[in-house]
Amino acid sequence: LLDIDGKKHEIYICTTNRTGGKTTYFNRLCVNRFIEKREKFCLIFRYNYEIDNIADKFFKDIGNLFFPDYTMRSERRGNGIFHELFLVRKTDDEKYGGFSCGYAISLNTADQIKKNSHLFSDVQRMIFDEFQSETNHYCSDEIKKLLSVHTSIARGNGEQIRYVPVYMLSNP
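Residues numbered from 1 in each chain as written. Predicted model: local features only at pLDDT ≥ 70, side-chain atom pairs only at ≥ 80, totals over all residues. Heavy atoms only, no water.

Trainee: Could you give an account of the packing of helix H1 (residues 22-37) against helix H2 (residues 54-66), naming the residues involved and the relevant values?
Mentor: Orientation of H1 relative to H2, taken along the N-to-C sense of each, is 80 degrees, at an axis distance of 10 Å. When the axes of H1 and H2 are compared, the pair comes out roughly perpendicular. For the pair formed by H1 and H2, the contact residues are Thr24, Asn27, Arg28 and Val31 on the first element and Phe58, Phe59, Ile62, Leu65 and Phe66 on the second. Here the contact of H1 with H2 is composed, by residue class, of 6 nonpolar, 2 polar and 1 charged. (Axes fitted to C-alpha atoms, helices over the stretch in contact; angles between N-to-C directions. Helix = DSSP H or I, 4+ residues; strand = E, 2+ residues; numbered from the N terminus. Parallel < 35°, antiparallel > 145°, perpendicular 65-115°, else oblique. Contact = heavy atoms within 4.5 Å. Nonpolar A, V, L, I, M, F, W, Y, C, P; charged D, E, K, R; others polar.)

Trainee: Can you lay out H2 for me, pointing to particular residues and giving the numbers?
Mentor: End to end, H2 covers 18 Å across 13 residues, agreeing with the expected 18 Å (1.5 Å per residue, within 8%). The principal kink in H2, of about 40 degrees, is found at Lys60. Listing the buried residues of H2 in full gives Ile54, Ala55, Phe58, Phe59, Ile62 and Gly63. (Expected span 1.5 Å × (residues − 1). Bend = angle between axes of the 7 residues up to and from the residue. Buried < 20%, exposed > 50% of the residue type's maximum accessible area, 1.4 Å probe, protein only.)

Trainee: Talk me through unusual backbone geometry; I want residue IDs and the actual numbers.
Mentor: Even without being a glycine, Asn79 presents a positive backbone phi close to 55 degrees. Within the secondary structure, Asn79 sits in the loop between strand E3 (70-77) and strand E4 (82-89). The class of Asn79 is exposed, set by a relative accessible area of 76%. One non-glycine residue, Asn136, lies in the positive phi region at around 60 degrees. Among the structural elements, Asn136 can be located in the loop between strand E6 (123-129) and helix H4 (142-153).

Trainee: I'd like to hear about the pattern of salt bridges, residue by residue, with values.
Mentor: Any two side chains of opposite charge can pair, so long as their charged atoms come close to each other. Inspection of every chain in the model, using the stated rule, returns 7 salt bridges. We note a salt bridge from Glu134 to Arg18, for which the minimum N-O separation is 2.3 Å. Residue Glu134 is found in the loop between E6 and H4, and its partner Arg18 is found in the loop between strand E1 (11-15) and H1; the two are separated by 116 residues along the sequence. Just as Glu134 is exposed, Arg18 falls in that class too. (Salt bridge = Lys/Arg side-chain N within 4 Å of Asp/Glu carboxyl O.)

Trainee: I'd like a description of the nonpolar core, backed by residues and values.
Mentor: If you look at soluble globular proteins, the nonpolar side chains tend to sit buried side by side. If you look at the biggest cluster of nonpolar residues, it comprises 24 residues, and the most contacted ones within it are Phe41, Leu43, Phe58, Phe59, Met72, Leu85 and Leu87. Secondary-structure elements contributing two or more residues to this core are H1, strand E2 (40-45), H2, E3, E4, strand E5 (99-106) and strand E7 (166-170). Apart from the residues within four sequence positions on either side, Leu85 is in contact with Phe41, Leu43, Ile54, Ala55, Met72, Arg73, Ser74, Phe99, Ser100, Cys101, Gly102 and Tyr103. Membership of the second largest hydrophobic core comes to 23 residues, among which are Leu107, Ile113, Phe120 and Cys139. (Core = buried A, V, L, I, M, F, W, Y, C linked by side-chain atoms within 4.5 Å.)

Trainee: Hey, could you go over a nonpolar patch on the surface for me, with residue numbers and the actual values?
Mentor: A surface patch of nonpolar side chains, amounting to about 410 Å² of accessible area, comprises Ile11, Ile13, Ile143 and Leu147. Looking at the nonpolar patch, the elements with two or more residues in it are E1 and H4. With respect to the element layout, Ile11 can be found in strand E1. (Patch = residues over 30% accessible without salt bridge, like charges linked within 9 Å, V, L, I, M, F, W, Y side chains within 5 Å. Areas by Shrake-Rupley, 256 points an atom, 1.4 Å probe, with all protein chains shown as cover.)

Trainee: Please set out the side chain of Glu142 residue by residue, giving values where relevant.
Mentor: Position of Glu142 among the secondary structure elements: in helix H4. Here Arg46 takes part through its side chain, which lies 2.8 Å from a polar atom of the side chain of Glu142. Apart from residues no more than four positions distant in its own chain, Glu142 is found in contact with Arg46, Leu107, Phe128 and Phe131. (Polar contact = N/O pair within 3.5 Å; in protein donor to acceptor, adjacent residues only side chain to side chain.)

Trainee: Account for the pairing of E6, with residues named and values stated.
Mentor: Taken across its 7 residues, E6 has 5 buried, putting it largely inside the fold. For E2 and E6, the ladder comprises 5 bridges, and the chain directions are parallel. Along E6, the bridge assignment pairs Cys42 with Met126. Pairing geometry for E6 and E7, over 4 bridges, is parallel. Its bridge partner lying in E7, Ile127 is registered against Tyr167. (Pairing = 2+ DSSP bridges.)

Spatial relationships are all this shows, so hold off on functional conclusions.
Structure (structure tokens):
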């Protein structure tokens, strides 16, 4: 549904019990949209160390379930500020092949993301999984950083602002 002003929502919050399939659904959605329409995605994390081994963290389950002909790899970019994700057909060179399908970033690098926002102008949607911490472990100024990252990514391609939905997933 549209909001009260007749506009499309840009932040979607999805919460349900653990094992409800939220992460699987939205991760699959992003890969499907890339395969079908070449629409890239961005994965949001709080801290930079969380984006290490991101290809396995993101793709291992959904790859086995839904994309048996593909693997995924990531490359560290911008001195480790973000990782670029590549969807690779199993028949291609797994180390160097594949198509750039998205990025993984952390909220704590919001300033660097802003300075490099032009690199993310091809992002069409974003996922922030586990946005509610079970242990109340959040970044300082987390909301401000999230809005900054979204603003940085939602500009470009000749537009001051583009529609880039953010899917925020968590357990209640």
